[in-house]
Amino acid sequence: MKATLIMMFLILCINLFSQNQDSFPYWLEGTWVIESETGNSYEQWTLENNNLLYGKTYRVFVNDTIVFDTMKIKRQQNKIVLEMAANIGNQRVMAGFVLSKPTSEFWKFENPVTDSPHNINYWRIEPNKVYVWVETMDTEHACMDFTMLRKNE
C-alpha cells in the first residue's frame, strides 16, 4: 500500500514537471499570411532567444503599415505565457495567458480573468498552416477565427 502511494506520488510529480517543461513554440517563428475578403493581414513572430518570441499583427495599405497588436510568448517561472492586450470589463490591460494542455500541434493560452480574449488557440494543421481562434468569456459572442499560412520569405 505504501509503495503504491509513493509510486502514484512520483508519477504525479513527473507528470506535473513535464507539463512545466513543455517545448517552446519555435515553429511559430516567421511571417504568416491571414487572407480575407478585404485583403491580407499578417502575424509575424521573431525569435529573440530560446525563451522569447516577439509577435505582431499588422496590415499593409499601399505604403503604410498599421500594427493591430503586439504580443510576446515567453518562458516565465517554468510556464509558457503569451502576453498581449486584453479587456477586463471596459478596461484595456496587458495580460498574460498561460499555456495549458499543449501538444505538438495544439497550443491553448488561457487567462481566467480577462473577458476578451479569454483564451487564444493555435492549432498547427501542417508545418505551414495554422488555424487560430480566440474566444471571449461571453458565450453569446462568436469567437474570432482565421487560418494563417506561412509566407515564403
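Residues numbered from 1 in each chain as written. Predicted model: local features only at pLDDT ≥ 70, side-chain atom pairs only at ≥ 80, totals over all residues. Heavy atoms only, no water.

J.: Explain the packing of aromatic side chains to me, please; I cannot follow it from the model alone.
T.: Any aromatic ring pair is given by two values, namely how distant the centres are and how the planes are angled relative to each other. Summed over all chains, the structure comprises 8 aromatic pairs. Connected via pairs of aromatic rings, a cluster forms that spans W27, W107, F109 and Y122. Between K56 and the ring centre of Y58, over which it is positioned, the NZ or CZ distance is 5.2 Å. (Phe/Tyr/Trp six-rings, centres within 6.5 Å; stacked < 30°, edge-to-face > 60°. Lys NZ or Arg CZ within 6 Å of the ring centre and 35° of its normal.)

J.: Got a minute to help me understand the side chain of S41 in this structure?
T.: Here S41 shows up in strand β2 (residues 41-49). Filtering out sequence-adjacent residues up to four positions away, S41 remains in contact with W32, V33, I34, Y58, R59 and F68. (Helix = DSSP H or I, 4+ residues; strand = E, 2+ residues; numbered from the N terminus. Contact = heavy atoms within 4.5 Å.)

J.: I tried to follow the pattern of salt bridges on my own but got confused; where do I start?
T.: Two side chains carrying opposite charge are able to pair once their charged atoms lie near each other. Inspection of every chain in the model, using the stated rule, returns 3 salt bridges. As a salt-bridge pair, K108 and E110 come within 4.0 Å of each other at their nearest N and O atoms. Accessibility expressed as a relative area gives 29% for E110, which makes it partly exposed. Through salt bridges that share partners, K72, K74 and E83 make up one connected network. (Salt bridge = Lys/Arg side-chain N within 4 Å of Asp/Glu carboxyl O. Buried < 20%, exposed > 50% of the residue type's maximum accessible area, 1.4 Å probe, protein only.)

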